[in-house]
Amino acid sequence: MKILLPIVCAATLALSACAGNSITYYQLPGSNYQLPATSQKTPVQLKVILAERLNQGNLVYQDSPTTLHFAQQHLWADDLGNEISLALANELNKQSTRYLFTPENKAKATLTVYIQSFQGSYDGYIYINGYSSWQGTNETGQNFNVRIAQQGNGYSNMVKALAQGLTSVAQSIAPYN
């Protein structure tokens, strides 16, 4: 009995420690690709390339002007580059009367979006920074630097603000019709 009691206590402590560290997975709103009703537009493949630090699956939060925090218990549910690509294609398709942005690689033209920052910050804003580059058209790429106030605390509100930021990115890089 003396030996059994410490084992039961240790097992209970181990299980309670695991229960307190649950992982939450996040998905960007609008990241389910919606094929537009009209297909008379010129198809353009949309590719998103993330800075290496954004490819780890963690949500990123800037703690100070010089430090980043990679959340251990708050992760992206799917590949972040793919989620951004689909959400951004949806936003660009809402704005463009000339092009049909698609994740498929059958298009002759390509819009590549390089994202260097995609994070929340200690100052209450989210930041999305990067640039776009076109191949196969006469369009020119654009730099973008989006800063949007986060409404409320927490990672869920940060993800909502990041999705809102992608709308601003689309407005920055959309070709003039």
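Use the structure listed above.
Residues numbered from 1 in each chain as written. Predicted model: local features only at pLDDT ≥ 70, side-chain atom pairs only at ≥ 80, totals over all residues. Heavy atoms only, no water.

## A few points about the nonpolar core
Next up, step 1: Within the largest apolar cluster, 42 residues are counted, with the highest numbers of intra-cluster contacts made by Leu28, Ile115, Phe118 and Ile128.
Next up, step 2: Top contributing element to this core by residue count: helix α3 (residues 155–173), with 10 residues.
Next up, step 3: Residues contacting phenylalanine 118, with those up to four places away along its chain left out, are Leu28, Leu54, Val60, Trp76, Leu80, Ile84, Tyr127, Ile128, Leu162 and Leu166. (Core = buried A, V, L, I, M, F, W, Y, C linked by side-chain atoms within 4.5 Å. Buried < 20%, exposed > 50% of the residue type's maximum accessible area, 1.4 Å probe, protein only. Helix = DSSP H or I, 4+ residues; strand = E, 2+ residues; numbered from the N terminus. Contact = heavy atoms within 4.5 Å.)

## What to know about the environment of valine 60
Next up, step 1: Its place among the elements puts valine 60 in strand β3 (residues 58–64).
Next up, step 2: A relative accessible area of 2% places valine 60 in the buried class.
Next up, step 3: A C-alpha to C-alpha distance of 9.0 Å links valine 60 and serine 117, two positions 57 residues apart in sequence.
Next up, step 4: Ignoring sequence-local partners within four residues, the contact set of valine 60 consists of Leu54, Leu68, His69, Phe70, Phe118, Gln119, Gly120 and Met158.

## What about the pattern of salt bridges?
Next up, step 1: Under the counting rule described, the total for this entry stands at 2 salt bridges.
Next up, step 2: Between glutamate 139 and arginine 98 there is a salt bridge, and its shortest N-O distance comes to 3.0 Å. With a gap of 41 residues between them, glutamate 139 in the loop between β7 (125–135) and β8 (143–149) and arginine 98 in the loop between α2 (80–95) and β5 (99–102) connect regions that are remote in the sequence.
Next up, step 3: Judged by relative accessible area, glutamate 139 falls into the buried class, the value being 18%. (Salt bridge = Lys/Arg side-chain N within 4 Å of Asp/Glu carboxyl O.)

## Focus on the environment of leucine 50
Next up, step 1: The residue leucine 50 is located in strand β2 (residues 42–50) in this model.
Next up, step 2: As for leucine 50 and glycine 81, which are separated by 31 residues in sequence, their C-alpha atoms are 6.3 Å apart.
Next up, step 3: In contact with leucine 50, not counting residues within four places along its chain, are Asn55, Leu80, Gly81, Ile84 and Ile115.

## Topic: α3
Next up, step 1: If you check α3, its first and last C-alpha atoms are 27 Å apart, about what 19 residues at 1.5 Å a residue would give, namely 27 Å.
Next up, step 2: Regarding α3, the residues found buried are Tyr155, Met158, Val159, Ala161, Leu162, Ala163, Gly165, Leu166, Val169, Ala170 and Ile173. (Expected span 1.5 Å × (residues − 1).)

## Let's talk about the packing of aromatic side chains
Next up, step 1: Per the counting criterion, the structure on display carries 6 aromatic pairs.
Next up, step 2: An angle of 20° between the planes, with centres 4.7 Å apart, marks the rings of tyrosine 114 and tyrosine 131 as stacked. Of the two residues, tyrosine 114 is situated in strand β6 (residues 109–121) and tyrosine 131 in strand β7; the sequence distance between them amounts to 17 residues.
Next up, step 3: Cation over ring: arginine 147 sits above tyrosine 125, and NZ or CZ is 3.6 Å from the ring centre. (Phe/Tyr/Trp six-rings, centres within 6.5 Å; stacked < 30°, edge-to-face > 60°. Lys NZ or Arg CZ within 6 Å of the ring centre and 35° of its normal.)

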